Amino acid sequence: MNIKFAKLAFVIKELGIKTSEILSDGDDGLEARVRIQKAVYLLKRLGFDFGYDFNLYYHGPYSQSLADDYYLLAGLGDEFISELALLCEKSGYCSNEMGEYIKYLNKQKTRILEVSATLIDLLEYDKDPNSAIKHLRSLKPWVNDEHIKEALKFLSDLGILKSLGV
């Protein structure tokens, strides 16, 4: 069992994303893929490292190798993903704690996941929240005060801001 694929299958299953969504060229596909990217990125920030490297991209932190992997898994089908996720749970590589974090992440709007992940990435290099928020707004002009407020609360609730020293 490839642990990285098993963990990714677990994330996809817990997010409730179907392979047809991942493979879709429509808005539902984009949303599904953004949710997977942000969930894996945020899980990494919470100490559940899957081994993916991320770079800042249009929708926030993005990993091409993660995208390659979820497309590969999607091509194998929903049943395969469910079985692999179950194996990950049974083997202990996918813990209840990780599952609880995924459920919490899944309650957030995709936009808040995107704003939060981007903000974390920016704060990694610039510890001044005001400067990071200004940079965030220049990258994402659609971001409003409510998005910022929700993202900061979300990141604070997760303990990520504290871990960054913010």
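The structure reproduced in this document is the subject of the present report. Treat the numbers as computed from the prediction; the structure is a model and nothing was measured.

A few words now on the packing of helix α1 (residues 3–15) against helix α5 (residues 78–91). Contact pair α1 / α5: the axes reach a minimum separation of 8 Å and the direction vectors enclose 110°. Comparing their axes, α5 and α1 come out roughly perpendicular. α5 is crossed by α1, and the crossing has left-handed handedness. Counting all contacts with α1, which are made through Phe5, Ala6, Lys7, Ala9, Phe10, Ile12 and Lys13, the residues of α5 involved are Ile81, Ser82, Leu84, Ala85, Cys88 and Glu89.

Here the focus is the pattern of salt bridges. Across all of its chains, the model carries eight salt bridges by this definition. Linking Asp157 and Lys153 is a salt bridge whose minimum nitrogen-to-oxygen distance equals 2.8 Å. Here Asp157 pairs with Lys153, and both are found in helix α9 (residues 145–158), just four residues apart, close to one helical turn. Salt bridges here are not isolated pairs; linked through shared partners, they connect Lys13, Glu14 and Glu89.

Conventions adopted
- Residues numbered from 1 in each chain as written.
- Predicted model: local features only at pLDDT ≥ 70, side-chain atom pairs only at ≥ 80, totals over all residues.
- Heavy atoms only, no water.
- Axes fitted to C-alpha atoms, helices over the stretch in contact; angles between N-to-C directions.
- Helix = DSSP H or I, 4+ residues; strand = E, 2+ residues; numbered from the N terminus.
- Parallel < 35°, antiparallel > 145°, perpendicular 65-115°, else oblique.
- Left-handed = near helix turned anticlockwise from the far one by under 90°.
- Contact = heavy atoms within 4.5 Å.
- Salt bridge = Lys/Arg side-chain N within 4 Å of Asp/Glu carboxyl O.

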